[in-house]
Amino acid sequence: MKYVGAHVSASGGVSQAPINAKNINARAFGLFVKNQKRWEAKPLENSEIEKFKNEINEFGYNVKHILPHAGYLINLGNPESEKREKSYNSMIDEAGRCEQLGLTLINVHPGSHLKLISEEECLGLIADSINHVHANTESISIVLENTAGMGSNIGYKFEHLRDIISLVKDKNRVGVCIDTCHAFAAGYDLRTKETYNKTMEDFGKIVGFEYLKGIHLNDSMYDLGLKKDRHESLLKGKLGEECFRLIMNDKRLDDIPIILETIDETIWAEEIEFLYSLSKN
Ligand code: ZN
Ligand code: MN
Ligand code: MN
């Protein structure tokens with residue numbers, strides 16, 4: 001069974017997110033647990049935490065289908081140690097908020113070398129940061145999102161994700177999210193049965209489906225391999241319907257959150273309905 005939803009707004013408080021998800025008939029959702037463009041945030045209020053948990057129960061969401069997204073300022077691979085420390089401390093804070101909400105996953109972009117160190121060194125720093133976050137949180141799993149490869153961002157190759165995981169001490173608390181737009185931008189084709197299967201088989205061999213904790217389902221404004229992270233609404237970009245049909249009928253993607261981050265939130269309900277219409281089971 002597929003759990004499709006969208007990255008919904010939590011403006012007005014985290015307890016708005018499950019309501020926004022329910023309103024578009026989402027069976028899964030993503031959210032920010034604090035302002036994604038700022039370092040600081042007030043602690044979550046107990047009333048918000050209670051409300052969030054009650055809604056999750058009432059609306060029937062399972063926490064494994066909720067994939068919060070960490071803030072955009074975080075760079076767990078920052079070559080400068082003070083800035084890296086600020087990043088992992090922020091990640092510890094966000095992960096703690098997720099744990100307060102009863103959530104079990106947090107999605108993050110692996111990091112950027114800023115052209116100051118090699119990719120390999122940066123992968124090592126990211127793993128160190130993750131180990132540090134693990135040591136300072138209870139049980140949350142950190143979900144590494146593949147990237148488009150813009151600028152000095154790493155995580156655009158499945159090998160990067162594998163290499164980070166290999167250096168993480170607690171492998172039960174690390175996972176991966178595949179963003180379809182980012183993968184396509186990074187050169188992983190998904191448009192035909194043949195290319196989709198090749199990309200997914202590569203993922204299985206290099207990273208392993210046991211680590212796959214979520215999908216960000218986005219069409220791509222730009223063509224294959226251009227390293228441009230520009231999401232598009234489904235069928236309005238370069239990926240094409242066959243890609244979405246293959247995803248909706250891929251058993252390996254059962255029971256994980258499949259989250260739209262497409263650019264027109266007014267059509268999310270239709271996009272979710274469209275995706276379910278492609279599913280044969
Ligand atoms: Zn992301
Ligand atoms: Mn994404
Ligand atoms: Mn993106």
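Keep in mind it's a predicted model, so treat the numbers as computed, not measured.

1. Describing the overall build of the protein
A count of helical and extended segments in the protein gives 9 helices and 11 strands. Taken over the C-alpha trace, the protein has a radius of gyration of 18 Å; the compact-globule value for 281 residues is 19 Å, and the two agree within 12%. Along the first, second and third principal axes, the C-alpha atoms of the protein reach 50 × 45 × 30 Å. Each of the 281 residues in the protein was classed as buried or not, and the buried ones make up 56%.

2. A closer look at the coordination of the zinc ion (ligand 1)
Of the protein atoms, only H69 (NE2), H109 (NE2) and E145 (OE) coordinate the zinc ion (ligand 1), at distances of 2.1 to 2.2 Å. In primary sequence terms, the donor set of the zinc ion (ligand 1) follows H-x39-H-x35-E. If you look at the zinc ion (ligand 1) and the manganese ion (ligand 2), they sit 3.3 Å from each other and are both ligated by E145. Pair noted here: H69 is in the loop between α2 (46-59) and α3 (81-100) and E145 is in strand β5 (residues 141-145), with a separation of 76 residues, a long-range link. The class of H69 is buried, set by a relative accessible area of 3%. Exposure remark for E145: the relative accessible area of 0% places this residue in the buried category.

3. Considering the coordination of the manganese ion (ligand 3)
Summarising the metal site, the manganese ion (ligand 3) is bound by the protein donors H182 (NE2), D229 (OD), D229 (OD) and H231 (NE2), whose distances to it range over 2.1 to 2.7 Å. Counting along the primary sequence, the residues that act as donors to the manganese ion (ligand 3) give the motif H-x46-D-x1-H. Separating the manganese ion (ligand 3) and the zinc ion (ligand 1) is a distance of 5.2 Å. With H182 in helix α6 (residues 180-185) and H231 in strand β10 (residues 231-232), the pair connects residues that are 49 residues apart, well separated along the chain. One exposure class covers both H182 and H231, and it is buried.

4. Notes on the pairing of strand β11 (residues 257-260)
Of the two faces of β11, the one carrying P257 and I259 and the one carrying I258 and L260 are both buried. With 4 bridges connecting them, strand β1 (residues 3-7) and β11 associate as parallel partners. Paired with Y3 across the strands is P257, a residue of β11. Pairing between strand β8 (residues 212-217) and β11: 3 bridges, direction parallel. In the strand pairing of β11, I215 is matched with I258.

5. Quick look at the packing of α3 against helix α4 (residues 119-135)
Two elements in contact, α3 and α4, have axes whose closest approach is 9 Å; the angle formed by their N-to-C orientations is 40°. As far as their axial angle goes, α4 and α3 are oblique. Crossing of α3 over α4 shows right-handed handedness. Residues R84, Y88, M91, I92 and A95 of α3 form the contact with α4, whose own contacting residues are L125, S129, H132 and V133. In terms of residue class, the contact of α3 with α4 is made up of 6 nonpolar, 2 polar and 1 charged.

6. Here's the deal with the pairing of β5
With 5 of its 5 residues buried, β5 lies for the most part within the structure. Relative to strand β7 (residues 174-179), β5 runs parallel, the two sharing 4 bridges. Bridge pairing in β7 places L144 opposite V176.

Calculation rules
- Residues numbered from 1 in each chain as written.
- Chains lettered and ligands numbered in written order.
- Predicted model: local features only at pLDDT ≥ 70, side-chain atom pairs only at ≥ 80, totals over all residues.
- Heavy atoms only, no water.
- Helix = DSSP H or I, 4+ residues; strand = E, 2+ residues; numbered from the N terminus.
- Rg over C-alpha atoms; globule rule 2.2 N^0.38 Å.
- Buried < 20%, exposed > 50% of the residue type's maximum accessible area, 1.4 Å probe, protein only.
- Donors = N, O, S within 2.8 Å, 3.2 Å for Na, K, Ca; no water.
- Pairing = 2+ DSSP bridges.
- Axes fitted to C-alpha atoms, helices over the stretch in contact; angles between N-to-C directions.
- Parallel < 35°, antiparallel > 145°, perpendicular 65-115°, else oblique.
- Left-handed = near helix turned anticlockwise from the far one by under 90°.
- Contact = heavy atoms within 4.5 Å.
- Nonpolar A, V, L, I, M, F, W, Y, C, P; charged D, E, K, R; others polar.

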